[in-house]
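Residues per chain, in single letters:
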Amino acid sequence: MDEPNQPVSGDGAAEQPFSCPECDRTVGRANVLTGDFAFENVTPISSSPDGSPEFRETGLDDGPQKAIELRCDHCAAEFTLGVETDG
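Residues numbered from 1 in each chain as written. Predicted model: local features only at pLDDT ≥ 70, side-chain atom pairs only at ≥ 80, totals over all residues. Heavy atoms only, no water.

## Re the overall build of the protein
Rules: Only runs of H or I of at least four residues qualify as helices and only runs of E of at least two qualify as strands under DSSP, and these elements are numbered from the N terminus. Each residue gets one of three labels from its accessible area relative to the maximum for its type: buried under 20%, exposed over 50%, partly exposed in between, using a 1.4 Å probe on protein chains only.
On a plain count of helices and strands, the protein comes out with zero helices and seven strands. Along the chain direction, N to C, the helices and strands of the protein fall in the order β-β-β-β-β-β-β. A buried classification covers 22% of the 87 residues belonging to the protein.

As C-alpha cells, this is what we get:
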C-alpha cells in the first residue's frame, strides 16, 4: 500500500507565503504545485533584460539550483530566495 503524500507545509495549502529574513514580514507567495511566485512588498534585484523578475542558476551541487535576489520594501534588507528544481 502506498503511503499518502505529505503536504509541503503544515497547512497543506498550495500557496505558501515567504518572509524577509530581516524583518519577518511577508513579501511574497510561492505556489508549490505550479512553481509560480508572486512578489509583494519586495523588489527583485535579479531581472531579465525586459525587467521581469528572473531566477538564475546557482551552480551549486548541494542546495538550491536557482535563486533570485530580492530587496525588502519594508526594511531594505537584501536577501536571496533559492528554489529546488527537478532538472
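## Overview of the packing of aromatic side chains
Both the distance between ring centres and the angle between the ring planes are used here to describe each pair of aromatic rings. Spelled out, the test is: Two aromatic rings from Phe, Tyr or Trp, using only the six-membered ring of Trp, form a pair when their centres are within 6.5 Å; if the ring planes differ by under 30 degrees the pair is stacked, by over 60 it is edge-to-face, and anything between is tilted.
The final tally for this structure, using the stated rule, is four aromatic pairs. On the basis of an interplanar angle of 80° and a centroid distance of 6.1 Å, the ring pair of Phe18 and Phe39 is categorised as edge-to-face. In this pair, Phe18 sits in strand β1 (residues 15–19) while Phe39 sits in strand β3 (residues 37–39), placing the two residues 21 residues apart along the sequence. Taking relative accessible area as the criterion, Phe18 reaches 11% and is therefore assigned buried. Seen in terms of ring centroids, Phe37 and Phe39 are 6.4 Å apart; in terms of plane orientation they differ by 15°. Their pairing is stacked. A relative accessible area of 24% means that Phe39 is categorised as partly exposed.

## Topic: the pattern of salt bridges
The test is simple: We count a salt bridge whenever a side-chain nitrogen from Lys or Arg sits within 4 Å of a carboxyl oxygen from Asp or Glu.
Counted according to the given criterion, the structure contains four salt bridges. Residue Glu40 is joined to Arg29 by a salt bridge in which the shortest nitrogen-to-oxygen separation is 3.9 Å. Of the two residues, Glu40 sits in the loop between β3 and β4 (42–44) while Arg29 sits in strand β2 (residues 26–31), which places them eleven residues apart along the sequence. For Glu40, a relative accessible area of 32% gives the class partly exposed.

## A short note on the environment of Cys75
Going by this rule: Here, two residues are considered to be in contact whenever any of their heavy atoms come within 4.5 Å of each other.
As for its placement among the helices and strands, Cys75 is situated in the loop between β6 (66–72) and β7 (78–83). Taking relative accessible area as the criterion, Cys75 reaches 32% and is therefore assigned partly exposed. For the pair Cys75 and Val42, spaced 33 residues apart in sequence, the C-alpha separation works out to 9.7 Å. Those residues in contact with Cys75 that lie beyond four places of it in its chain are Cys20, Glu22 and Cys23.

## Describing the nonpolar core
Operational definition: The set of buried Ala, Val, Leu, Ile, Met, Phe, Trp, Tyr and Cys residues whose side-chain atoms join them within 4.5 Å is what this entry labels a nonpolar core.
Within the largest apolar cluster, ten residues are counted, these being Phe18, Cys20, Val27, Val42, Ile68, Leu70, Cys72, Ala77, Phe79 and Leu81. Going through the elements one at a time, β6 and β7 are the ones with two or more residues in this core. For this core, the leading source of residues is β6, giving three residues. Those residues in contact with Val42 that sit more than four places away from it in its chain are Val27, Leu70, Arg71, Cys72, Asp73 and Phe79.

## Quick word on the sheet that holds β2
In plain terms, the rule: Two strands pair under a simple rule: DSSP has to find at least two bridges between them. Only the stretch in contact is used when fitting a helix axis, every axis being a line fitted to C-alpha atoms; angles between N-to-C directions are given from 0 to 180 degrees.
With antiparallel pairing, the three strands of this open sheet are ordered in space as β1-β2-β3. At either end of the open sheet lies a strand with only one pairing partner, and these are β1 and β3. Neighbour-to-neighbour, the strand axes of this sheet turn through a mean angle of 25°, independent of strand direction. Of the pairings in the sheet, the one linking β1 to β2 comprises five bridges and is antiparallel in character. Residue pairing in the sheet places Pro17 in a bridge with Arg29 of β2.

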